[in-house]
Amino acid sequence: MMSLLRHARHPFARIPRKAPWLALILSLLAGCATQAPQTSQTDWDNHEQALQALSSYQAKGKLGYKGKQRFGANLVWETAPAQDHLLLTNFLGSTLLKLDATPSRVTLVDNSGKTHQGTNASELVSSLTGINLPIEQMRDWLIGLPTAADTYQLNDENRVGYLAKRVDGKLWQLDYNEYDYSVSPALPKRMVLSTTGASITLIIHQWSIN
């Protein structure tokens with residue numbers, strides 16, 4: 001019996017005591033155990049002021065609409081002082097809708113290339129598409145600024161997580177599901193704008209801030 005015990009191999013006997021890969025793993029585990037978790041929490045007042053200071057920006061991404069009809073589109077939204085530009089194209093690059101808006105004039109080009117003009121962006125889009133959107137507020141809502149919202153709530157990071165506004169008797173709700181922390185201030189990355197019978201998913205892949 002004693003001879004058998006003397007010749008038994010320990011299950012870790014083949015691992016050198018100074019195995020470099022083992023030391024590396026142990027050091028990495030130790031580092032993970034002591035590293036402080038990152039936080040993206042902010043002060044809302046400071047964040048709101050930073051958003052209000054953004055007078056010009058561009059957002060590029062995707063839009064998905066679900067309602068009586070369903071479609072997806074590439075999205076480009078540009079905002080400058082007293083001017084907004086919205087371009088929706090299909091995945092082949094053809095224009096679905098092009099909107100240029102100033103405080104006094106709105107010009108819309110539809111998917112057939114026909115130009116329409118008016119003074120109210122929301123009314124013009126609604127008359128041509130049947131979709132009633134709070135376009136005048138979207139320049140601020142897109143960056144997470146709850147301008148003219150009837151109500152809003154902050155998330156755990158003290159950024160806007162939800163807002164709502166009633167437009168022409170319809171309640172629109174905007175949920176901010178994800179933020180992009182590669183830009184400063186952090187800006188929304190994934191949003192869902194919804195009302196009874198329709199929802200619009202917005203995913204922003206690239207922010208450009210001037």
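In short, a report on the structure. (Residues numbered from 1 in each chain as written. Predicted model: local features only at pLDDT ≥ 70, side-chain atom pairs only at ≥ 80, totals over all residues. Heavy atoms only, no water.)

**Comments concerning helix α3 (residues 44-52)**
Since one α-helical turn is 3.6 residues long, residues separated by three or four positions face the same way.
Then, number 1: Among the residues of α3, W44, H47 and L51 are the ones counted as buried. Down the axis of α3, the smallest arc covering the buried residues is 65 degrees, so these residues share one side. Every exposed residue of α3 that faces more than 90 degrees away from the buried side is listed here: Q49 and Q52.
Then, number 2: Taken together, the buried residues of α3 touch β7 (151-154), β8 (160-167) and β10 (187-195). (Buried < 20%, exposed > 50% of the residue type's maximum accessible area, 1.4 Å probe, protein only. Helix = DSSP H or I, 4+ residues; strand = E, 2+ residues; numbered from the N terminus. Arc of directions from axis to C-beta. Contact = heavy atoms within 4.5 Å.)

**Points about the nonpolar core**
Then, number 1: With 45 residues, the main nonpolar core has L99, L142, I143, Y176, L202 and W207 as its most contacted residues.
Then, number 2: By residue number, the principal contributor to this core is strand β11 (residues 198-209), which donates five residues.
Then, number 3: Among residues more than four places away in sequence, those in contact with I143 are L51, L54, Y57, L187, P188 and W207. (Core = buried A, V, L, I, M, F, W, Y, C linked by side-chain atoms within 4.5 Å.)

**Observations regarding the sheet that holds strand β6 (residues 115-118)**
Then, number 1: With respect to topology, 11 strands assemble into an open sheet ordered β6-β5-β4-β3-β2-β1-β11-β10-β9-β8-β7, the strand pairing being antiparallel. Where the open sheet ends on each side, the last strands, each with one partner, are β6 and β7. Geometrically, the sheet is characterised by an average inter-axis angle of 15 degrees between neighbouring strands, direction not taken into account.
Then, number 2: Note that strand β5 (residues 106-109) and β6 share four bridges and pair antiparallel. Within β6, the residue paired with T107 across the bridge is Q117. (Pairing = 2+ DSSP bridges. Axes fitted to C-alpha atoms, helices over the stretch in contact; angles between N-to-C directions.)

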